[in-house]
Amino acid sequence: DASGETRPMRKWAPERNMFELGLWGGVLVMNREHELYDPRVAPHLRYRPAAFDLGLRFAYFPLRWLGGELEVGVMPTRNAADARTTLYTVRGHGIFQLPWWRLTPFLVVGGGGMGVGSRPSALGNDIDASFHWGPGLKFFVNRWIALRLDLRHLVGARVGANDGATSHGEVLLGLSVTLGRKKDKKRKNDRDDDGFSDDEDKCP
């Protein structure tokens, strides 16, 4: 019946006071007009168009639809002269989500710092303030595990004095562990944890 069809999609919807601990892998696309370099020791060079993106995140949701999250990430890459550089970020944001289903759309808005670490002959060391926002989608596989997709628009300083801002992009795929859910007292006899009690389940 209709209730039987919708129940699995609501089974692991977000709850109040949940925690999420996660990691991600993805791609960072850098604008060539970035300002992440040290002009005292190196000339301005563009980065390779795409860099591998790896990071960790921690989130807390006091409300089903609202939470806060901290992230740290590293992006090893090279400049246009093929010298090794490492980009990194430390940032935080608010998460606004639609909490009624286990497939959960969300939006993040926040800021932090984005920097580079490299030899002086490459791009030197530098860090700038940054702003970011973007949509995403989470799928709660069960009580403990969630899959996540993020699309991010990053805004940072543009090269040259008083030249404003420039944009970069990220695509992130993540895996999270969820903690803090209330115990499900309604379904003690649900051995495969699929939302159907054993006496109703065709495959208990």
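Chemist: Just to check I follow, could you spell out the environment of G136 for this structure?
Modeler: Residue placement: G136 occurs in strand β6 (residues 126–140). Each C-alpha atom, one on G136 and one on L172, is 9.3 Å from the other, the two residues being 36 residues apart in sequence. Once residues within four sequence positions are removed from consideration, G136 is found in contact with T104, P105, F106, L149 and D150.

Chemist: Can you help me understand empty space enclosed by the protein in this one?
Modeler: Any empty space left between atoms is shown by rolling a water-sized probe over those atoms. A full pass over the atoms with the stated rule returns 2 cavities of 30 Å³ or more. Around the largest cavity sit H34, E35, L36, M114, D128, A129, S130, V155, G156, A157 and H168, which together line it. Broken down by secondary-structure element, the contributors of at least two residues to the lining of the largest cavity are β6 and β7 (145–157). The residue inventory of the lining of the largest cavity, partitioned by class, reads 5 nonpolar, 4 polar and 2 charged. Roughly 30 Å³ of volume is contained in the second largest cavity.

Chemist: Sorry, what's going on with the sheet that holds strand β5 (residues 103–118) here?
Modeler: In sheet architecture, strand pairing relies on hydrogen bonds along the backbone and comes in two forms, parallel and antiparallel. Spatially, the 8 strands close up into a barrel ordered β1-β2-β3-β4-β5-β6-β7-β8, and their pairing is antiparallel. Taking each pair of neighbouring strands and ignoring which way they run, the sheet shows an average axis angle of 25°. Pairing geometry for strand β3 (residues 66–78) and strand β4 (residues 84–97), over 13 bridges, is antiparallel. Bridged to G68 within β4 is G94.

Chemist: Sorry if this is basic, but what is going on with the nonpolar core here?
Modeler: The tendency in soluble globular proteins is for nonpolar side chains to be buried side by side. Membership of the largest hydrophobic core is limited to 12 residues, which are L28, M30, L36, Y37, Y47, A51, M75, L87, M114, V116, L123 and L154. Excluding residues that lie within four positions of it along the chain, L28 makes contacts with P49, A50, A51, D53, M75, L87, M114, L154, G169 and E170. The next biggest cluster of nonpolar side chains, apart from the first, holds 5 residues, and it includes A59, F61, F106 and V108.

Each value, and the rule that gives it
- Residues numbered from 1 in each chain as written.
- Predicted model: local features only at pLDDT ≥ 70, side-chain atom pairs only at ≥ 80, totals over all residues.
- Heavy atoms only, no water.
- Helix = DSSP H or I, 4+ residues; strand = E, 2+ residues; numbered from the N terminus.
- Contact = heavy atoms within 4.5 Å.
- 1 Å grid on protein atoms, 1.4 Å probe; cavity = no way out; pocket = protein on both sides within 12 Å on 5 of 7 lines; lining within 4 Å.
- Points joined across faces, edges and corners; volume = space filled by probe spheres on them.
- Nonpolar A, V, L, I, M, F, W, Y, C, P; charged D, E, K, R; others polar.
- Pairing = 2+ DSSP bridges.
- Axes fitted to C-alpha atoms, helices over the stretch in contact; angles between N-to-C directions.
- Core = buried A, V, L, I, M, F, W, Y, C linked by side-chain atoms within 4.5 Å.
- Buried < 20%, exposed > 50% of the residue type's maximum accessible area, 1.4 Å probe, protein only.

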